[in-house]
Amino acid sequence: SFDPSEPGGDYSLDMSDPYSQLVVRDLLKIAAAGRGAFVQGLTRLDNAPLKLEYEDLELEPDVPTSGELTCRFVNLKTPPAEHERMPDH
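From a predicted model like this one, the values you see are computed outputs, not experimental measurements.

Cut-offs and rules
Residues numbered from 1 in each chain as written. Predicted model: local features only at pLDDT ≥ 70, side-chain atom pairs only at ≥ 80, totals over all residues. Heavy atoms only, no water. Phe/Tyr/Trp six-rings, centres within 6.5 Å; stacked < 30°, edge-to-face > 60°. Helix = DSSP H or I, 4+ residues; strand = E, 2+ residues; numbered from the N terminus. Buried < 20%, exposed > 50% of the residue type's maximum accessible area, 1.4 Å probe, protein only. Salt bridge = Lys/Arg side-chain N within 4 Å of Asp/Glu carboxyl O. Contact = heavy atoms within 4.5 Å.

### What about the packing of aromatic side chains?
And step 1. For the structure shown, the criterion picks out 2 aromatic pairs.
And step 2. For the ring pair Phe38 and Phe73, a centre distance of 5.0 Å and an interplane angle of 80° mean the geometry is edge-to-face. Of this pair, Phe38 sits in strand β2 (residues 36-38) while Phe73 sits in strand β5 (residues 68-75), placing them 35 residues apart in sequence. Assigned by exposure class, Phe38 and Phe73 land together as buried.

### Topic: the pattern of salt bridges
And step 1. A complete count under the given rule lists 3 salt bridges for this structure.
And step 2. Measuring nitrogen to oxygen at the nearest pair gives 2.5 Å for the salt bridge that ties Asp10 to Arg72. With Asp10 in strand β1 (residues 9-14) and Arg72 in strand β5, this residue pair connects regions lying 62 residues apart in the sequence.
And step 3. Taking relative accessible area as the criterion, Asp10 reaches 57% and is therefore assigned exposed.
And step 4. When the shortest N-O distance is used, the salt bridge between Glu53 and Lys51 registers 3.9 Å.
And step 5. Note on Lys51: relative accessible area 67%, which makes it exposed.

### Topic: the environment of Gly36
And step 1. Here Gly36 is to be found in strand β2.
And step 2. Taking the relative accessible area as the measure of exposure, Gly36 reaches 3% and is therefore buried.
And step 3. A C-alpha to C-alpha distance of 4.3 Å links Gly36 and Asn75, two positions 39 residues apart in sequence.
And step 4. Setting aside residues no more than four positions away along its own chain, Gly36 makes contact with Ile30, Ala31, Phe73, Val74, Asn75 and Leu76.

Pasting the structure below:
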């Protein structure tokens, strides 16, 4: 099952399934927040290249509602803030 705190991985989603649509919306939000990214060139809908975009953060992302979406998503962990780092001794 999908874990938004560890979203990295390969996905194959039936976009007619509302849960799959929710997963893709969450991935788009994670990418928009800078915490992850779709691997360029590996996102496909029914085996055709697809570019997913989420520009208006005030609205829910638009996602396909049919077809099979395949993609690879990678985590982008931000380094800890200076005050959260372990001392160097």
